[in-house]
Amino acid sequence: MNPAGLLPPALGPQRTFALVAGVERYDISPRWNLRGPARDALRFARWLTGPGEVPPGNVRLLLSPLDEPGDLDWTDSPAMTALRTAYRPATEKHVKQALLEELPDCDGDLLWIFWAGHGYLGPHQELMLPCSDASTKLIRHLNLDSALRWWRTDLVKQRRFPLQAALVDSCRVHAPRDGRLNFGNNDYGGGSWVPGRRQFRLYASREGEVAQNDAERGAGRFTEALLGELGGRSVRESVGGLPGAALSIHRTFQELRERGEGWQLPQFIVDRNWDACSFLDDEPSGAGPAGAARLDQVAWDGLGELFEGREPPRCAYEAYAWAFKVAGCTTPARGGLPAGGLLEVVQDLDERQGGHGGMPLAVPFVRFLADRAAAADDARWAPRLLDWVRATRERLALPVLPPPPPPARRRILHVRLEAPPGGEPGFLARMWLRGERTEHIWESEGRPVALDEVREELVRQLTLVAGASDHAAVDRVEFHVPYELLDADFDQWPVPRGPAGRLRALGLLHQVVVRCPQERTDTRAEWHATWRWLHDRGGRHRDAVRVVTDAEVTDMLGMELAAGPEPACVLAHTTAAPHAGLLEAVLEGGLPVAVWRRGGGHPAPALLELLAPAGPDGCPDAGALDVFTLPARVREVRRAAASAAAGAAHARQPPAGGDRLVLLWDDPDDVPGLRSLA
């Protein structure tokens, strides 16, 4: 499947290195122990140093067997004798030392990573492989996904290890989310991404599946099949035939599954040959039409310069989704950006290829970024991105791209209230109008004013905006308020409407939210990280929304919410008033979004039923709730409640209390006027 010319010319045993690990014994509990992984690791090492002819000095062997090491089958060969002397226990320290310190300093073309033992999926689907010193306090582990990202950066010298293969015989079940297993956070970071490195990953099981192990024979079924495919092949033959071996192993387990003799199904994560073409296209049956062109080395070199030091912008997920749309492809079912930076996103797009029109997905992605950068007045980055798109299209003879959709234009009126420093009654007030530009439209000039005066001025400003020919209507009114005013009824402020001056609630005419950015000083990092996490997932994720009940509102809730970037939104299903601990926890946790019922009390039905769409089972699906639509969705609920209260026959009866919802909406990227009004 891979002609010899596609592999590095010097690739051979001397330029092949490996990390081989087998973990049978774990410190955490005897119930974790399993028989087989150490023997599987030895068998793989025996192939490497036998038919593969890899020098034992190129292999880092880590073993934590159940039995005495001398009772293992080391085989009488000089290479295995050398490994028997040099092996180390499979502790986290030795794993990191071998994989992140010793092997990167070696000068090679091919890196093998073979691991046998337990495996868990973390909250971001990263594969966590527990080490032998995993304990009840901390599950010390190798984060394989983070390690593989690290190996694609310039922390490994650029001309080294262009080929990397990870073969993992472990389960891929999700780690419990109730805190029983504390994996901590293993992210190894990395330098600048190096284009041209290829990684092949073959796992013994799919997400959520258990990998079978024959304890009596001391062998994993996956390793058995893998070694059967490798047989007596040399290193060069084996790595060239690895995609074919993966397909063969997959077929074998598929047949076992169909006969009811097995349930796991091995999975190749990236279905690419070493030449970056899909090896699935080599199948004689079921071959579809040719995919799109791939990015060439010139394109990758250009992206390396363009994306160096750049965090994914807020529009990255929009650009990702639009790339699939413009290429005529279906967006991946699992929403959100792939882990990593902009280069990892492009790598994901390039590996998926494009639609039948020949357009690589990466090109519209970059074009979208260019348009948004231009709209944000990024005068240096935008033209460089457009130059890359133009040059790539010309070089690869790609079709013309339609223009990306313009960014949504919203006009937001900001009202900031602040307690006067001297403790006088009333509030210092200021108003801004934010659209294509920001206008300061009113200020109380250092004079504390009552809320009634603020309301009157707000009504006047809304009237002025509505009557101005150069202004669009105000979409949203955002109240930046002291903590004590978060539960105030701003959305119920009366506003004259129509020729008769009939009064309508402000929250029926506009989206109305409350904000408290001045309380974010201690949790600014968590606040920004959660907002970025939400943007990277397009506003939807199964962990983005959390329903909190009375029993969960404890002194530790804020710390719990701050533990990771998720959740981003809390829906309060509490009877107590929100100031009784809930809002303190939301702000301490760095959450930008929360919804509750003013004054407390369970909404009927629950907020999740009120706001979230139904899933396949007919129940509200928190993972399908687009958090970014909540300002508009809450206004819909308020309008439905008002219609029902007025006895409108055509309106669907809403839940009681729909007109009492409060939405905290703290966008950290849009906080005008942070200086004190005093």
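Whatever comes next refers back to the structure up there.
Anyway, here's the lowdown on the structure attached to this text. The structure displayed is predicted, hence computed values, not measured ones.

## Some details on helix 1 (residues 37-49)
Helix length check: helix 1, at 13 residues, gives a terminal C-alpha distance of 18 Å against a target of 18 Å (1.5 Å per residue), a fit within 8%. Turning to helix 1, its buried residues number three or more, namely Pro37, Ala38, Asp40, Ala41, Leu42, Phe44, Ala45, Trp47, Leu48 and Thr49.

## Thoughts on the sheet that holds strand 5 (residues 127-130)
Read across the sheet, four strands follow the order 6-5-4-8 without closing on themselves; strand pairing throughout is mixed. Looking along the sheet, the strands with just one partner apiece sit at the ends: strand 6 (141-143) and strand 8 (173-174). As defined by bridge partners, strand 5 adjoins strand 6 across three bridges and the pair is classed as antiparallel. Directly across from Leu129, in strand 6, lies its bridge partner Leu142.

## Looking at the nonpolar core
Counting residues in each nonpolar core, the largest one holds 45 residues, and the members touching the most others are Leu458, Phe479 and Phe490. Counting 42 residues, the second-largest nonpolar core is a separate cluster that includes Leu34, Leu127, Phe183 and Tyr188.

## What about the pattern of salt bridges?
Taken as a whole and assessed by the stated rule, the structure comprises 32 salt bridges. Of the charged contacts in the structure, one is a salt bridge between Arg39 and Asp67, with a shortest N-O distance of 2.9 Å. Of the two residues, Arg39 sits in helix 1 while Asp67 sits in the loop between strand 2 (59-64) and helix 2 (78-86), which places them 28 residues apart along the sequence. Salt-bridge contacts for Arg638 lead to Asp491; the nearest nitrogen and oxygen are separated by 3.8 Å. Residue Arg638 is found in helix 19 (residues 630-645), and its partner Asp491 is found in the loop between strand 16 (476-480) and strand 17 (494-497); the two are separated by 147 residues along the sequence.

## Description of the environment of Cys171
Counting through the fold element by element, Cys171 comes out in the loop between strand 7 (163-169) and strand 8. C-alpha separation for the pair Cys171 and Glu207, spaced 36 residues apart in sequence, amounts to 8.4 Å.

## Thoughts on the pairing of strand 17
In this structure, strand 17 lies alongside strand 18 (residues 502-505), joined through four bridges in antiparallel fashion. In the strand pairing of strand 18, Pro496 is matched with Leu503. Taking the residues that link successive antiparallel strands as the turn, the strand 17-strand 18 hairpin has four residues, and the phi of Gly498 there is positive, at about 80 degrees.

## Concerning a positive patch on the surface
A contiguous patch of positive charge on the surface is contributed by Arg497, Arg502, Arg504 and Arg639. Within the secondary structure layout, Arg502 lies in strand 18. When its relative accessible area of 54% is taken as the criterion, Arg502 is described as exposed.

## Considering the environment of Trp151
Secondary-structure assignment places Trp151 in the loop between helix 4 (144-150) and strand 7. Judged by its relative accessible area of 0%, Trp151 is buried. For Trp151 and Tyr188, which are 37 residues apart along the polypeptide, the C-alpha to C-alpha distance reads 10.0 Å. Excluding anything up to four places from it in sequence, Trp151 contacts Leu99, Leu100, Leu103, Pro104, Leu111, Val156, Phe161, Gln164, Arg197 and Gln199.

## Here we look at the environment of Leu607
Along the chain, the position of Leu607 falls in helix 18 (residues 607-611). Judged by relative accessible area, which is 2%, Leu607 ranks as buried. For the pair Leu607 and Pro620, spaced 13 residues apart in sequence, the C-alpha separation works out to 9.8 Å. Beyond its immediate sequence surroundings of up to four residues, Leu607 is in contact with Leu571, Ala572, Val595, Trp596 and Leu661.

## Remarks on a negative patch on the surface
On the surface, Asp154, Asp301, Glu305 and Glu308 cluster together into a patch of negative charge. Position of Glu305 relative to the elements: it lies in helix 8 (residues 297-307).

## Section: the side chain of Arg476
By the secondary structure assignment, Arg476 is in strand 16. Assessed through its relative accessible area of 7%, Arg476 is described here as buried. In this view, Arg476 contacts Arg410, Arg411, Ile412, Leu413, Gln511, Val513, Pro631 and Trp665; residues no more than four positions away in its chain are not counted.

## Quick look at helix 2
All of the buried residues in helix 2 are Ala79, Met80 and Leu83. For helix 2, the arc enclosing every buried residue in end-on projection is 90 degrees, short of the 170-degree limit, so these residues lie on one face. Every exposed residue of helix 2 that faces more than 90 degrees away from the buried side is listed here: Pro78 and Thr85. If you follow the buried residues of helix 2, they end up packed against helix 1 and strand 2.

Reading the values: the criteria
- Residues numbered from 1 in each chain as written.
- Predicted model: local features only at pLDDT ≥ 70, side-chain atom pairs only at ≥ 80, totals over all residues.
- Heavy atoms only, no water.
- Helix = DSSP H or I, 4+ residues; strand = E, 2+ residues; numbered from the N terminus.
- Expected span 1.5 Å × (residues − 1).
- Buried < 20%, exposed > 50% of the residue type's maximum accessible area, 1.4 Å probe, protein only.
- Pairing = 2+ DSSP bridges.
- Core = buried A, V, L, I, M, F, W, Y, C linked by side-chain atoms within 4.5 Å.
- Salt bridge = Lys/Arg side-chain N within 4 Å of Asp/Glu carboxyl O.
- Patch = residues over 30% accessible without salt bridge, like charges linked within 9 Å, V, L, I, M, F, W, Y side chains within 5 Å.
- Areas by Shrake-Rupley, 256 points an atom, 1.4 Å probe, with all protein chains shown as cover.
- Lys, Arg positive; Asp, Glu negative; His and termini not counted.
- Charge placed at Lys NZ, Arg CZ, Asp CG, Glu CD.
- Contact = heavy atoms within 4.5 Å.
- Arc of directions from axis to C-beta.

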